[in-house]
Amino acid sequence: MIERHIILDQVDPVTFYGVNNSNLHLIRNLHPKMRMAARGSVITVIGDEQETATLEKHIHELADYCSRYNKLPEDVIIDTIKGTPPKQLKMDDVIIYGVNGKPIQGRTPNQQLLVKTFGENDLTFALGPAGTGKTYLAVALAVRALKNREVRKIILSRPAVEAGEKLGFLPGDMKDKIDPYLHPLYDALEDMIPTAKLKEYMDSNVIQIAPLAFMRGRTLNDAIIVLDEAQNTTTHQIKMFLTRLGMGSKMIITGDTTQIDLPRSTQSGLIHALHVLQGVKGIGQVKFGKKDIVRHQLVQRIVEAYERYQPTVADVSALPDTP
């Protein structure tokens, strides 16, 4: 009799063990001669040397499946332990499988183009109106690279600029003050990584979410770096951000040049960078349009209405003065 310790280092234990440890009970029932116990991300098995070695192999195969698809169905467990390779889900155009096995993929031609452009360039600009999936796809591409061990960390950032509202001094520590600006990034991550695993990644700084001001002085190696809402950067800020790119890293910069929240006298760093970097090798650009909007169908109509609208003299005179 020997004792083996099997570590689940790349998978969320909650998803792997199943509701009320149902998956673990099934694995145990399919190996009645062995004793098995799980604590956190470590499974301990006691039994015959050959049988425990076989079980360890099966658990690693199941962990790989669970990590890839973010779910572990009962039939996959039975097939794997019986020696039948589980049926692989169709991966065409799928970036990753999110929480509960939800496939995340480019749904429009431009979204698919973003995936392709990201693969061919170290710096990619994704530009377009609200609801076109720019941020969501950028985060999905970053998570895929992390899961495939192409990078060691993900850095997500955005400028802390208020959308026309003066929120004043926010209560709490530094994290509490900046979190309201970063919620769209948290929302995307929560769709793609199980809660326990996401907390582990963030506690260990494998995934870092920070305001743009915190990027100064850093060199970001072996990372996917995403800058969201880049239209609200100044020319100095975006230059500072772009020069953080280190060895083995890639950047995705998203923005909507029709939703600039900077003071009127301040030039958008995104617009300036697009002019300066035009034609530079290794930089890709994807422009999204109204047809790429994947939110509520009313969002597309709203965007179209704003594009059609031409203010009259009376409309302009009625606007409040900007301080």
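Residues numbered from 1 in each chain as written. Predicted model: local features only at pLDDT ≥ 70, side-chain atom pairs only at ≥ 80, totals over all residues. Heavy atoms only, no water.

## Regarding the pattern of salt bridges
Here is step 1 of the chain: According to the stated counting rule, one finds 9 salt bridges in the structure shown.
Here is step 2 of the chain: One salt bridge in this structure joins Arg4 and Glu56, with 3.3 Å as the shortest N-O distance. With Arg4 in strand S1 (residues 2-7) and Glu56 in helix H3 (residues 49-69), this pair connects stretches of sequence that are 52 residues apart.
Here is step 3 of the chain: In this structure Glu56 comes out as partly exposed when scored by relative accessible area, which is 21%.
Here is step 4 of the chain: In this structure, the salt-bridge partner of Glu120 is Lys116, at a minimum N-O distance of 2.8 Å. Here Glu120 pairs with Lys116, and both are found in helix H5 (residues 109-120), just 4 residues apart, close to one helical turn. Each member of the pair, Glu120 as well as Lys116, carries the same accessibility label: exposed. (Salt bridge = Lys/Arg side-chain N within 4 Å of Asp/Glu carboxyl O. Helix = DSSP H or I, 4+ residues; strand = E, 2+ residues; numbered from the N terminus. Buried < 20%, exposed > 50% of the residue type's maximum accessible area, 1.4 Å probe, protein only.)

## Some points on the environment of Ile95
Here is step 1 of the chain: Position of Ile95 among the secondary structure elements: in strand S4 (residues 94-97).
Here is step 2 of the chain: A sequence separation of 46 residues divides Ile95 from Leu141, and the C-alpha atoms of the two residues are 6.7 Å apart.
Here is step 3 of the chain: For Ile95, the contacting residues outside a window of four places in its chain are Ile104, Gln105, Gly106, Val115, Leu137, Ala140, Leu141 and Arg144. (Contact = heavy atoms within 4.5 Å.)

## Here's the deal with the nonpolar core
In globular proteins that are soluble, nonpolar side chains generally tend to be buried together.
Here is step 1 of the chain: Counting 36 residues, the largest nonpolar core has Leu189, Met192 and Ile207 as the members making the most contacts within it.
Here is step 2 of the chain: Looking at this core element by element, the count peaks at 9 residues for helix H6 (residues 134-147).
Here is step 3 of the chain: For Met192, the contacting residues outside a window of four places in its chain are Asn70, Ile96, Tyr97, Gly98, Val99, Ile104, Tyr136, Val139, Ala140 and Val143.
Here is step 4 of the chain: With 25 residues, the next largest nonpolar core counts Leu8, Tyr17, Leu26 and Ile59 among its residues. (Core = buried A, V, L, I, M, F, W, Y, C linked by side-chain atoms within 4.5 Å.)

## Observations regarding the pairing of strand S10 (residues 250-255)
Here is step 1 of the chain: Among the 6 residues in S10, 6 count as buried, and that is most of the element.
Here is step 2 of the chain: Burial along S10 is two-sided: Lys250, Ile252 and Thr254 facing one way and Met251, Ile253 and Gly255 facing the other are all buried.
Here is step 3 of the chain: Judged from the 5 bridges that link them, strand S6 (residues 123-127) and S10 form a sheet pairing that is parallel. Paired with Ala126 across the bridge in S10 is Thr254.
Here is step 4 of the chain: Between the parallel elements strand S9 (residues 223-227) and S10, the chain passes through helix H9 (residues 235-242) in a crossover that is right-handed. (Pairing = 2+ DSSP bridges. Right-handed = clockwise from strand over helix to strand, strands pointing away.)

## A closer look at the sheet that holds strand S2 (residues 35-39)
Here is step 1 of the chain: One open sheet accounts for 3 strands, arranged S1-S3-S2; its pairing is antiparallel. Here the strands that pair on one side only, and so sit at the sheet edges, are S1 and S2. Neighbour to neighbour, the strand axes of the sheet diverge by 15° on average, direction disregarded.
Here is step 2 of the chain: Note that S1 and strand S3 (residues 42-47) share 6 bridges and pair antiparallel. Its bridge partner lying in S3, Glu3 is registered against Ile46.
Here is step 3 of the chain: Strands S1, S2 and S3 of the sheet are contacted by H3, whose axis makes an angle of about 10° with S1. (Axes fitted to C-alpha atoms, helices over the stretch in contact; angles between N-to-C directions.)

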